[in-house]
Amino acid sequence: VTMSQNTYWQILRKELCINGTWNSSYNDVVNDWHESIKAMADGKLNVKPLITHKFPLSECNTAFKMMKNKTEFYNKYAGSRLNMKKKISPSVMCADFFDLKNCIRQFEESKIDMLHVDIMDGSFVPNYTLGTDFVKILKANTAIPLDIHLMVENPESKLDWFQLSPDDYVAVHCESTPHIHKAVAAVKNKGCRALAALNPGTPICALENITDDIDGGLVMTVDPGFAGQKLIPSALEKIKKLREYLDERGCDNIEIEVDGNVSFHNAALMNEMGANIFVSGTSGVFSKDGTIKENIAKLRGIIS
Ligand code: DX5
Ligand code: ZN
């Protein structure tokens, strides 16, 4: 099993944060992850005093023992999150519409996981893009699951307009309705996976009362409405914070989708922060630097 430092750290934190708050100074100590883990496992780096006063030694010993046998540690703590598949979701609004059929065929041949379909109402965001008939056309011409991003006011009252299937994902924005539970329930009632989307300026605590209901969080890394925008840097830290926020609440099966300027460079960073669904548009799958297939392969290499 391979995992990023961030994931290993999250799992160890979950093990050691069995009760009580995490000792922030410990974070400072274990900054060079692998060396520290090796030193801890070899008993050379004595961090026990730093954390044992926070946690019963037996539990710390469990974790340290586990670290001696990484495979056992990984297997025990991998959880659904570590086994969470990394998924690519090309943003169709960025496609060449004069060549859409060929584009979809390339997606099928590249076995992408889902198709990101941006729906905008000109009110929640200052733009219009794809619509209900376009979704019908996709449903009639490809079996790729859809990843519908509703950037519309009161999505709960518009879901019936769309032709959806059980393996589709539907993202509703927390900012787009006063009744987020109704909106999420409306998605679940269609048998679809429900993502709660957060604009860059919306704090992750907006998800606090719906973690029991959602299948994922969509972290917007640009203000929604247009393709080709630049990443808002603070969104990277937000991905990490959301992963930690969810893991600390035992919600390690809730996925994190990222959307906006998911370039090859940014995707590597977002991956490190804990994202597992990558919406890829002008700076990724549709980048002029390669063919669609080449870009998908490149992105897949970066995130897996
Ligand atoms: C923006 C949309 C994104 C956008 C991504 O509101 O939600 O899906 O199309 O395009 P890039 O990847 O170019 O930012
Ligand atoms: Zn989108």
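Quantities reported herein were computed from a predicted structural model and do not represent experimental measurements.

A. Structural view of the confidence of the model for the chain. Scored by pLDDT, the chain comes out at a mean of 83, with 73% of its residues at no less than 70. In the model, residues 15-34 has pLDDT below 50 throughout and makes 52 contacts with residues more than four positions away in sequence or in other chains. Overall, residues 70-81 carries pLDDT values under 50, and its contacts beyond four positions in sequence, including any with other chains, amount to 29 contacts.

B. The coordination of the zinc ion (ligand 2), seen in detail. Note on the zinc ion (ligand 2): its protein donors are His116 (NE2), Asp118 (OD), His149 (ND1) and Asp259 (OD). The metal-donor distances range over 2.1 to 2.2 Å. Each of the 6 donor atoms bound to the zinc ion (ligand 2) contributes to angles spanning 72 to 175°, and the resulting shape is octahedral. Read N to C, the donor residues that coordinate the zinc ion (ligand 2) are spaced as H-x1-D-x30-H-x109-D. Linking Asp118 in strand 2 (residues 115-120) with Asp259 in strand 7 (residues 255-259), this pair joins segments that are 141 residues apart in sequence. Look at Asp118 and you get buried, because its relative accessible area is 4%.

C. Layout of the sheet that holds strand 7. With respect to topology, 8 strands assemble into an open sheet ordered 1-8-7-6-5-4-3-2, the strand pairing being parallel. The sheet terminates laterally at strand 1 (87-90) and strand 2, the two strands that pair on one side only. The average undirected angle you get between the axes of adjacent strands in this sheet is 25°. Sheet topology note: the strand 5 (residues 193-198)/strand 6 (residues 216-220) ladder contains 4 bridges and is parallel. Note on strand 6: the bridge partner recorded for Ala196 is Gly217. Each of strand 2 and strand 3 (146-151) touches helix 8 (residues 132-141); the most contacted strand, strand 2, lies at about 165° to it. Across the sheet, helix 10 (residues 234-248) is in contact with strand 5, strand 6 and strand 7; its angle to strand 7 comes to roughly 170°.

D. Spotlight on helix 9 (residues 180-189). Those residues of helix 9 not exposed but buried are Ile180, Ala183, Val184, Ala186 and Val187. Buried residues along helix 9 cover an arc of 155° about the axis, so they all sit on one side. Exposed residues pointing more than 90 degrees away from the buried face of helix 9 are listed as Lys182 and Asn189. In this structure, the buried residues of helix 9 make contact with strand 4 (169-173) and strand 5. Note on helix 9: the residue one or two positions beyond its end, Gly191, has a positive phi of about 85°.

E. Structural context of unusual backbone geometry. You will see that Lys111, though not glycine, has its phi angle at about 50°, which is positive. Here Lys111 is to be found in the loop between helix 7 (100-109) and strand 2. Note on Lys111: relative accessible area 66%, which makes it exposed.

F. The pairing of strand 1, seen in detail. Of the two faces of strand 1, the one carrying Lys87 and Ser89 and the one carrying Ile88 and Pro90 are both buried. The pairing of strand 1 with strand 8 (residues 277-280) spans 4 bridges and is classified as parallel. Across the sheet, the residue bridging to Ile88 is Phe278, located in strand 8.

G. View of the site of ligand 1. Neighbouring residues of ligand 1: 20 residues in total, closest Asp118, Gly225, Asp259, Asn261 and Thr282. The side chain of Asp118 places a nitrogen or oxygen atom 2.8 Å from an oxygen atom of ligand 1. Interatomic distance of 3.2 Å between a backbone N/O atom of Gly281 and an oxygen atom of ligand 1. Contact with the protein chains covers 100% of the free accessible surface of ligand 1, which is 380 Å².

Criteria and cut-off values
- What you see as residue numbers is a count from 1 along each chain, following the sequence as written.
- A letter from A marks each chain and a number from 1 marks each ligand, given out in the order of writing.
- Only residues with pLDDT of at least 70 are given local features in this predicted model, and only at 80 or more are side-chain atom pairs given and counted; all residues enter the totals for whole chains, interfaces and linings.
- Neither water nor hydrogens contribute to the side-chain values; these are computed over all heavy atoms in the structure.
- Per residue, pLDDT captures the predictor's confidence, and it can take any value from 0 to 100.
- Should any heavy atoms of two residues lie within 4.5 Å, those residues are considered in contact.
- The donor definition counts N, O and S atoms within 2.8 Å of each metal and applies 3.2 Å to Na, K and Ca; water is not among these atoms, so some sites may look incomplete.
- Only two sets of limits are used to name each site, 85 to 135 degrees for every angle of a tetrahedral four-donor site, and over 155 degrees for opposite donors with all other angles from 65 to 115 for a square planar four-donor or octahedral six-donor site, with any other site named irregular.
- Helix and strand labels come from DSSP, where a helix needs a run of H or I of at least four residues and a strand needs a run of E of at least two; each type is numbered from the N terminus.
- The rule is simple: take the accessible area with a 1.4 Å probe, protein chains only, and divide by the maximum for that residue type; under 20% is buried, over 50% is exposed, in between is partly exposed.
- Between any two strands, at least two bridges found by DSSP are needed for them to pair.
- Here the axes come from fitting lines to C-alpha atoms, over the contacting stretch only for helices, and the angles between their N-to-C directions go from 0 to 180 degrees.
- Starting at the helix axis, one direction is taken to each C-beta atom, and the arc is that of these directions.
- Any residue with a non-hydrogen atom lying within 4 Å of a molecule or strand is treated as near it.
- Here a polar contact means two N or O atoms within 3.5 Å. Within protein one must be a hydrogen donor candidate and the other an acceptor candidate, and residues neighboring in sequence count only if both atoms are side-chain atoms.
- Here the open area of atoms and residues is found with the Shrake-Rupley method and a 1.4 Å probe, where only the protein chains shown may cover a residue.

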